[in-house]
Amino acid sequence: MPELPEVETTRRGIAPHLIGRRIAKVTLRRADLRWPIPREISQLLPGQRIDEVERRAKYLLLHTAAGSALLHLGMTGVLRVLPPDIPPGAHDHVDLLLEPNPQTGERILRFTDPRRFGCLLWQPPGTTHELLAGLGPEPLTDAFDGALLWRRSRGRKAAVKLFLMDNAIVVGVGNIYASEALFAARIDPRRAAGTVTRPRYERLAAEVKRILAWAIERGGTTLRDFLNPDGAPGYFFRELFVYGREGEPCKVCGTPIRQAVLGQRSTFWCPRCQK
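Residues numbered from 1 in each chain as written. Predicted model: local features only at pLDDT ≥ 70, side-chain atom pairs only at ≥ 80, totals over all residues. Heavy atoms only, no water.

By way of backbone hydrogen bonds, the strands of a sheet pair with one another, either parallel or antiparallel. The sheet built from 4 strands is open, its strands ordered β2-β3-β4-β8 with antiparallel pairing. Edge positions in the sheet fall to β2 (52–56) and β8 (119–123), since each of these pairs with one other strand and no more. Across the sheet, the mean angle from the axis of one strand to that of its neighbour is 25 degrees, orientation sign disregarded. Summarising the sheet, β2 and strand β3 (residues 59–64) pair through 5 bridges and their orientation is antiparallel. What sits directly across from V53, in β3, is L62. Across the sheet, helix α1 (residues 4–18) lies against β2 and β3, angled at about 175 degrees from β2, the strand it touches most. (Pairing = 2+ DSSP bridges. Helix = DSSP H or I, 4+ residues; strand = E, 2+ residues; numbered from the N terminus. Axes fitted to C-alpha atoms, helices over the stretch in contact; angles between N-to-C directions. Contact = heavy atoms within 4.5 Å.)

Below is the structure:
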């Protein structure tokens, strides 16, 4: 499914078209996605101005005075800003019609989700939705660093890759970027989290920040069905060192990349570079 850079790319793509615009109408073509769509979406959003478009972990929030629409793209979800006269397709489940803008006229925010693993939920003002409660810090903020990883990992026997992907530790470091960051930090993903030293965690945190920031600038990995808001694929997948490269030579040392399953997710690493 789309990881943090893809979701951040979507946020950056849609935000300029939404912030400051009022929602004139909400069209729901089905009552549910992964979960039922709350009635507040159709009852409270119309007439509200979108004050901010925020990303928290892999969720997007459209903040208004009445509350916030909470979206998750799931595995195949896409958000696009389009002219309202474009007919909806079979998997176009939600349209938010925006009031006309003198420069661009009317626009809709359309949520397309073929597999319906995404969601559209509601967060009342002054509250934190239960899906967001208990989340760790954002990886691109000062709250995330090697000291945090070292402190939270003490005594943990779980593999360091699973530890890094735990949203209670840090949000948004999914399977692809965890594999790539661990390679860049030269840490074997199978190593017990509690055995990794503080200096190595400091390097790992730095690599997580670097790789995520680079992926955002490159438009995300764009694997499978994900597309940017303008319909153009991202390019970070061309930069991957280990993910999806089982049996191919390591780009650093030439050793064949290995693959195993950790926590029901495919894991890739170089047995020579990563210890």
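Helix α6 (residues 198–218) packs onto helix α5 (residues 175–184) with a crossing angle of 130 degrees between their chain directions and a minimal axis gap of 8 Å. Taken together, the axes of α5 and α6 are oblique relative to one another. Crossing of α5 over α6 shows right-handed handedness. Side by side, α5 and α6 meet where Y177, E180, A181, L182 and A184 of the first sit next to R203, L204, E207, V208, R210, I211, L212 and A215 of the second. Classifying every residue of the contact of α5 with α6 by side-chain character gives 9 nonpolar, no polar and 4 charged. (Parallel < 35°, antiparallel > 145°, perpendicular 65-115°, else oblique. Left-handed = near helix turned anticlockwise from the far one by under 90°. Nonpolar A, V, L, I, M, F, W, Y, C, P; charged D, E, K, R; others polar.)

What follows is about the packing of aromatic side chains. Taken as a whole, this structure holds 3 aromatic pairs when the rule is applied. Between F183 and F241, the aromatic rings sit 5.6 Å apart at their centres with planes inclined by 20 degrees, giving stacked as the arrangement. Taken together, the residues span a long stretch of sequence, with F183 in helix α5 and F241 in the loop between α6 and β9 (258–262) at a distance of 58 residues. Seen from their ring centres, Y243 and F268 are 5.2 Å apart, and the 70 degrees between their planes marks the pair as edge-to-face. Of this pair, Y243 sits in the loop between α6 and β9 while F268 sits in strand β10 (residues 265–269); the two residues are 25 residues apart in sequence, bridging distant segments of the chain. (Phe/Tyr/Trp six-rings, centres within 6.5 Å; stacked < 30°, edge-to-face > 60°.)

What follows concerns the layout of surface pockets. Within this model, the second largest pocket holds a volume of roughly 160 Å³. Lining the second largest pocket are 11 residues, and of these E180, R210, I211, E239 and F241 sit closest to its centre. Only α5 and α6 provide two or more residues apiece to the lining of the second largest pocket. Per-element accounting of the lining of the second largest pocket gives the leading share, 4 residues, to α6. (1 Å grid on protein atoms, 1.4 Å probe; cavity = no way out; pocket = protein on both sides within 12 Å on 5 of 7 lines; lining within 4 Å. Points joined across faces, edges and corners; volume = space filled by probe spheres on them.)

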